[in-house]
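Descriptive structure summary
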Amino acid sequence: MSILTRLTKEAAQRLLPQTRYVTSMQESDANTRPVPIYLTFDDGPHPDHTPRILDQLAELNAKATFFILGKHAKCYPDIVRRTLSEGHSIGTHSWSHWSARTTPTTTWIEDVHRARSEVEHITGLHCCLFRPPYGELTPLSLLALLRSGVRTIQWSQDTKDFEADTAYQFNQWFVNNKPSLGSVVLMHDNQALTSENLQEGCLNWKLGVDFRAIPMTIASPSKELEHSKTTRAQRHD
């Protein structure tokens, strides 16, 4: 991570409300049980791996959030619609996966808008969630995002699933890293190992954990809590 990105992210985390910038999801009650955890997946949809991940999430009775690339959404709109229909959230991850640090800000934000327009065309829904490629931000790119009205979602736990060479390595991350209240967990739904081993990995955490989707609307923390309670009630009906 560049020094500029690190400083920009630190400033955003200190100065911006959760309605605009998130590293981990704040919960009003530190004693909330089961513990809310937010699984997130980047770089899809993938024609093979994303459906397999959706199948495993269904088996886990878990919800998640998918940050999708516009160019992939255009190729696989049915997977985007399936993701939403099964109760998951969708955000964008730009069109081309360009770094905010190495791309001119005007070009970069146009790429971000292009992806958002495509996803909104496919879903018919307002899409305000966004994750910057590589998590990289500059002061100018962050300002452009704020002007665009998006909610930037980073992460608090990184599985490094793209570095895993074996199923054992993927699963061992969940054994070695316990979740904390409101953790936002980074994975990728274009990785074969992730799609093949997600359920086994998450079962290491399943007891006492509630896997939730990040709300797709920008709301106050109290409204987010109300949304989470409603989702859990519906899940148990």
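Read on for an overview of the structure. (Residues numbered from 1 in each chain as written. Predicted model: local features only at pLDDT ≥ 70, side-chain atom pairs only at ≥ 80, totals over all residues. Heavy atoms only, no water.)

Let's talk about the environment of Pro133
- With respect to the helices and strands, Pro133 occurs in the loop between strand S5 (129-130) and helix H6 (139-148).
- Taking the C-alpha atoms as reference, Pro133 lies 6.4 Å from Trp98; in sequence the two are 35 residues apart.
- If we skip the residues at most four places from it in the chain, Pro133 touches His93, Ser94, His97, Trp98 and Trp108. (Helix = DSSP H or I, 4+ residues; strand = E, 2+ residues; numbered from the N terminus. Contact = heavy atoms within 4.5 Å.)

Remarks on the packing of helix H5 (residues 105-123) against H6
- Contact geometry for H5 and H6: axes closest at 10 Å, N-to-C directions at 35°. For H5 against H6, the interelement crossing comes out right-handed. Along its contact with H5, which presents Thr105, Trp108, Ile109, Val112, His113 and Arg116, the element H6 presents Leu140, Ser141, Ala144, Leu145 and Ser148.
- Classifying every residue of the contact of H5 with H6 gives six nonpolar, four polar and one charged. (Axes fitted to C-alpha atoms, helices over the stretch in contact; angles between N-to-C directions. Left-handed = near helix turned anticlockwise from the far one by under 90°. Nonpolar A, V, L, I, M, F, W, Y, C, P; charged D, E, K, R; others polar.)

Overview of H5
- Compared with an ideal rise of 1.5 Å per residue, which puts 19 residues at 27 Å, H5 spans 27 Å between its outermost C-alpha atoms and is within 8% of the ideal.
- Residues of H5 that are buried in the fold lie against strand S3 (64-68), helix H3 (70-75), helix H4 (77-85), strand S4 (89-92), S5 and H6.
- With its phi angle positive at about 75°, Gly124 sits one or two positions after the end of H5. (Expected span 1.5 Å × (residues − 1).)

A look at the nonpolar core
- Counting 43 residues, the largest nonpolar core has Leu39, Phe41 and Leu57 as its most contacted members.
- If we ignore the near neighbours within four places in the chain, the residues touching Leu57 are Leu39, Phe41, Ala62, Ala64, Phe66, His88 and Leu198.
- Within the second largest apolar cluster, twelve residues are counted, among which are Ala100, Trp108, Leu142 and Ala144. (Core = buried A, V, L, I, M, F, W, Y, C linked by side-chain atoms within 4.5 Å. Buried < 20%, exposed > 50% of the residue type's maximum accessible area, 1.4 Å probe, protein only.)

Digging into the packing of aromatic side chains
- Under the criterion given, the structure shown has six aromatic pairs.
- Aromatic side chains Phe41 and Phe66 sit 5.0 Å apart centroid to centroid with 20° between the ring planes, which places their arrangement in the stacked category. Of this pair, Phe41 sits in strand S2 (residues 35-42) while Phe66 sits in strand S3, and the two are 25 residues apart along the sequence.
- Judged by centre distance (5.5 Å) and plane angle (55°), the rings of Phe170 and Phe174 are tilted. Remark: Phe174 and Phe170 occur in helix H7 (residues 167-176); sequence separation between them is four residues, near one turn of the helix. Each of the two residues, Phe170 as well as Phe174, counts as buried.
- Among the aromatic residues, those joined into a ring-pair cluster are Phe170, Trp173, Phe174 and Trp205.
- A cation over a ring is seen here: Lys9 above Trp155, with NZ or CZ 5.3 Å from the ring centre. (Phe/Tyr/Trp six-rings, centres within 6.5 Å; stacked < 30°, edge-to-face > 60°. Lys NZ or Arg CZ within 6 Å of the ring centre and 35° of its normal.)

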